[in-house]
Amino acid sequence: MDYKKHIASKLNVEGVTAAEMESLIAVPPNTDLGDYALPCFRFAKTMRKSPAAIAEELKASFGADEYIEEVTVAGGYLNFRVNRKKHVAEVLSRVIKEGGNYGSSDEGNGKTVCIDYSSINIAKPFHIGHLSTTVLGAALYRLYKFRGYTAVGINHLGDYGTQFGKLIVAYRLWGDRSAVEKGGVRELMRLYVKYHEEAEKHPEMDDEARAEFKKIENGDEEANALFNFFKELTLKDVGKIYEKLNVKFDSYAGESFYNDKMAPIVEELRNKGLLTESEGAEIVDLSAYDMPPCIILRSDGASLYATRDLAAAVYRKNTYDFYKNLYVVAYQQNLHFRQIFKVLELMGKDWAKDCVHVAYGMVSMEDGAMSTRKGKVVFLEDVINKCVEKCLSVITEKNPDLPDKEKIAEQVGTGAVIFGALSSNKIKDMVFSYDKVLNFDGETGPYVQYTCARCNSVLIKGGETGGYEVKDLLPQEYDLAAHIGKFPEVIASALDKLEPSFITRYAVDLAQLYNKFYFDCKILGEEENVRNFRLALTKASLITLTNALTLLGMAVPERM
Ligand code: ARG
């Protein structure tokens, strides 16, 4: 039930459309006077009456209503109180009927959204800094699908650059196949670090590295075999983490995929008169837009990160005919994406406006660790494992007889990391704290999951239930049901603002409301109608919490 729309449709003021009226209706922070309010001050001029008189007039014409129980005038405001029993009855039956689809829609049918997220670099560690892009992107991916869009998840692999030449040199000098197979990215990193130490003493190594990289580019079999070995190894390593985090991609077309797709772009830029020469390099001058130039080709003719992104954007448009093209990338790359989008616009691509940089803040550890350059890398895998271990020890202590402890610890520990990463506004820098994300009583994943387990246990104990009639409501019951009723709106605005944090916030509030209801209201010992109603409320809470957590990529354990 869309109350604002309903109310607006019954209020006629000359010169004010139904849509305008709807936008004027507000939800007051304090619902003592009503659930919706219309300020009438705006109409005083055209209607030539006092706002209070207008409110009285509108009240009289509104008349009796099935959904609105009471209309009152307070000063220049017209207040509406919804028929709470009816509202609660409708919310519960809808949620229970729709189940896993509650909150979904088909608004996106026929529209495709490309989402570039995680986009890791080959032979580099998957560290805590990649957490946000990975879980944010994956949440947006699921959200879009939930709302009917076709989503294309793209891992734009960083698989191009002279560093791969260096790695080959290092591997030939000090590497060993079985050690690399066993050690994975950590072993590759060790080789890479050693290369840099040695290259300082022997700068001629860099020439060798450049030559090896050229070989990769020219399709040399041996060099490519090694490069592909590094690539597969990295993907296997990160694959384990993607699996833990429940993250999937439809495409792994990375930077090297565009090797043969840049020449036409450069041609097009040249033909459109957008390229200028600067110190031997070819650039697009963006000074008119207060930006440094976008370098397209270096003086040695090599392409750049930006050149590949231009080719990738065009490729995505041609391949997927996207409605929106998203890049979930840290705010450090703000300028890069502004430049790319501007160049696309200058090339006359009208879809440049559909490209969006979904920027997010930095993650650091409480102890200050996290600097790739200083080698102080915090592997995401280690962080997840530590959370799982900590959960296992909490569960073992509090509920030693719980069957499937390891699996549940895995679900809760990983969930804690995901929920923690999505808990605040995405653009905010974040300090990752084990104690904070794992606090079972805080605003955390484990707290919400625990509430789900509580609902489950109530429902199991309750067994089969019959029908009920919604009678007088306690505030705990109404507040809970009304919050459940808001889920579809919250999902819609989370997508609109590209903010999965709206969902974590919502889930915490819902869990708190459920727990308040649970502690204040008896369920199983009550007479049949009350008991059935409260069990239905429990069921609707569980469905809604489950849908929220599933969208975030978390599992919902039945017991904890
Ligand atoms: N691999 C890049 C990095 O780690 C991120 C790539 C983002 N996607 C893109 N299309 N530029 O910084």
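Attention in this report is confined to the structure presented alongside it. (Residues numbered from 1 in each chain as written. Predicted model: local features only at pLDDT ≥ 70, side-chain atom pairs only at ≥ 80, totals over all residues. Heavy atoms only, no water.)

**Here we look at the overall build of the protein chain**
Within the protein chain, the regular secondary structure consists of 22 helices and twelve strands. Principal-axis analysis of the C-alpha atoms gives the protein chain an extent of 85 × 65 × 40 Å. Out of the 560 residues belonging to the protein chain, those deemed buried represent 52%. Look at the contacts in the protein chain between residues 6 or more apart in sequence, and 73% of them connect residues 24 or more apart. Here the protein chain has roughly 26300 Å² of accessible surface; of this, 49% comes from carbon and sulfur atoms. (Helix = DSSP H or I, 4+ residues; strand = E, 2+ residues; numbered from the N terminus. Buried < 20%, exposed > 50% of the residue type's maximum accessible area, 1.4 Å probe, protein only. Contact = heavy atoms within 4.5 Å. Areas by Shrake-Rupley, 256 points an atom, 1.4 Å probe, with all protein chains shown as cover.)

**Some points on the side chain of Lys317**
Positionally, Lys317 belongs in helix 13 (residues 305-320). Residues within four places of Lys317 in sequence aside, it is in contact with Phe322 and Trp351.

**A look at the side chain of Thr451**
Mapped onto the elements, Thr451 comes out in helix 18 (residues 445-462). Residue classification places Thr451 among the buried residues on the basis of a relative accessible area of 0%. Not counting the four nearest positions on each side in its chain, Thr451 is found in contact with Ala511, Tyr514, Asn515 and Leu545.

**Digging into the sheet that holds strand 9 (residues 324-330)**
In a beta sheet, neighbouring strands pair by backbone hydrogen bonds and run either parallel or antiparallel. Across the sheet, which stays open at both edges, the four strands sit in the order 5-4-9-10 with parallel pairing between neighbours. The outermost strands of the open sheet, each flanked by one partner alone, are strand 5 (150-154) and strand 10 (355-360). Adjacent strand axes in the sheet meet at a mean angle of 20° when their direction is disregarded. Here strand 9 pairs with strand 10 via six bridges, running parallel. Bridged to Asn325 within strand 10 is Cys355. Sheet strands touched by helix 13: strand 4 (112-116), strand 5 and strand 9. Its angle to strand 9, the strand with the most contacts, is close to 145°. Contacting strand 9 and strand 10, helix 14 (residues 334-346) crosses the sheet at an angle of about 175° to strand 10. (Pairing = 2+ DSSP bridges. Axes fitted to C-alpha atoms, helices over the stretch in contact; angles between N-to-C directions.)

**What to know about the nonpolar core**
Counting 149 residues, the largest nonpolar core has Leu38, Phe80 and Phe432 as the members making the most contacts within it. By residue number, the principal contributor to this core is helix 22 (residues 528-552), which donates twelve residues. When sequence neighbours within four positions are dropped, the list of residues in contact with Phe80 reads Ile7, Leu11, Gly34, Asp35, Tyr36, Leu38, Phe62, Ile68, Glu70 and Val71. Within the second largest apolar cluster, 35 residues are counted, among which are Val284, Ala306, Tyr327 and Cys355. (Core = buried A, V, L, I, M, F, W, Y, C linked by side-chain atoms within 4.5 Å.)

**Brief notes about the site of the ligand**
What surrounds the ligand is the set Asp116, Ser119, Asn121, His156, Tyr305, Asp309, Tyr327, Val329, Gln333 and Phe337. Residue Asp116 places a side-chain N or O atom 2.8 Å away from a nitrogen atom belonging to the ligand. Between a nitrogen atom of the ligand and a side-chain N or O atom of Asp309, the distance comes to 2.7 Å. Protein contacts shield 86% of the accessible area of the ligand, which totals 340 Å² for the unbound molecule. Mapped by element, the contributors of at least two residues to the shell around the ligand are helix 13 and strand 9. For the shell around the ligand, the per-class residue count stands at four nonpolar, four polar and two charged. (Near = heavy atom within 4 Å. Polar contact = N/O pair within 3.5 Å; in protein donor to acceptor, adjacent residues only side chain to side chain. Nonpolar A, V, L, I, M, F, W, Y, C, P; charged D, E, K, R; others polar.)

**Quick look at the packing of helix 10 (residues 204-217) against helix 11 (residues 221-245)**
Put simply, helix 10 and helix 11 touch, their axes get as near as 8 Å, and they point 90° apart. When the axes of helix 10 and helix 11 are compared, the pair comes out roughly perpendicular. Counting all contacts with helix 10, which are made through Glu212, Lys215 and Ile216, the residues of helix 11 involved are Ala223, Asn224 and Phe227. Residue composition of the contact of helix 10 with helix 11, by class: three nonpolar, one polar and two charged. (Parallel < 35°, antiparallel > 145°, perpendicular 65-115°, else oblique.)

**With respect to the pattern of salt bridges**
Throughout the structure, instances matching the rule amount to 39 salt bridges. Between Glu268 and Lys349 there is a salt bridge, with its nearest N and O atoms 2.7 Å apart. Linking Glu268 in helix 12 (residues 263-271) with Lys349 in the loop between helix 14 and strand 10, this pair joins segments that are 81 residues apart in sequence. On the accessibility criterion, Lys349 (16% relative accessible area) is buried. (Salt bridge = Lys/Arg side-chain N within 4 Å of Asp/Glu carboxyl O.)

**Describing the layout of surface pockets**
Roughly 800 Å³ of volume is contained in the second largest pocket. Lining the second largest pocket are 28 residues, and of these Tyr36, His87, Ala482, Lys486 and Glu489 lie nearest its centre. Where the lining of the second largest pocket is concerned, the elements lending two or more residues are helix 1 (3-9), helix 5 (84-98), helix 19 (475-485) and helix 20 (487-496). Residue composition of the lining of the second largest pocket, by class: 14 nonpolar, four polar and ten charged. (1 Å grid on protein atoms, 1.4 Å probe; cavity = no way out; pocket = protein on both sides within 12 Å on 5 of 7 lines; lining within 4 Å. Points joined across faces, edges and corners; volume = space filled by probe spheres on them.)

**What to know about the sheet that holds strand 8 (residues 294-297)**
Ordered by their spatial adjacency, three strands build an open sheet running 6-7-8, and the pairing between neighbours is antiparallel. For this open sheet the edge positions go to strand 6 (275-278) and strand 8, each flanked by a neighbour on one side alone. Shown here is a sheet whose adjacent strand axes are inclined to one another by a mean of 45°, direction ignored.

**Concerning helix 18**
Counted at 1.5 Å a residue, the expected span for helix 18 with its 18 residues is 26 Å, and the 26 Å between its end C-alpha atoms agrees. Most of helix 18 sits inside the fold, with 13 of its 18 residues counted as buried. Where helix 18 begins, the capping side chain belongs to Thr444, and its oxygen is found 3.2 Å from the backbone nitrogen of Tyr447. Once helix 18 ends, the next one or two residues include Gly463, with phi positive near 65°. (Expected span 1.5 Å × (residues − 1).)

**Quick word on the packing of helix 18 against helix 22**
Look at helix 18 against helix 22: their axes get within 9 Å of each other, and the N-to-C directions meet at 145°. Here helix 18 and helix 22 pass one another in a crossing that is left-handed. Here Val448, Gln449, Thr451, Cys452, Cys455, Asn456, Val458, Leu459 and Gly462 of helix 18 come into contact with helix 22, specifically with Arg531, Leu535, Thr538, Lys539, Ser541, Leu542, Leu545 and Leu549. The class makeup of the residues in the contact of helix 18 with helix 22 is nine nonpolar, six polar and two charged. (Left-handed = near helix turned anticlockwise from the far one by under 90°.)

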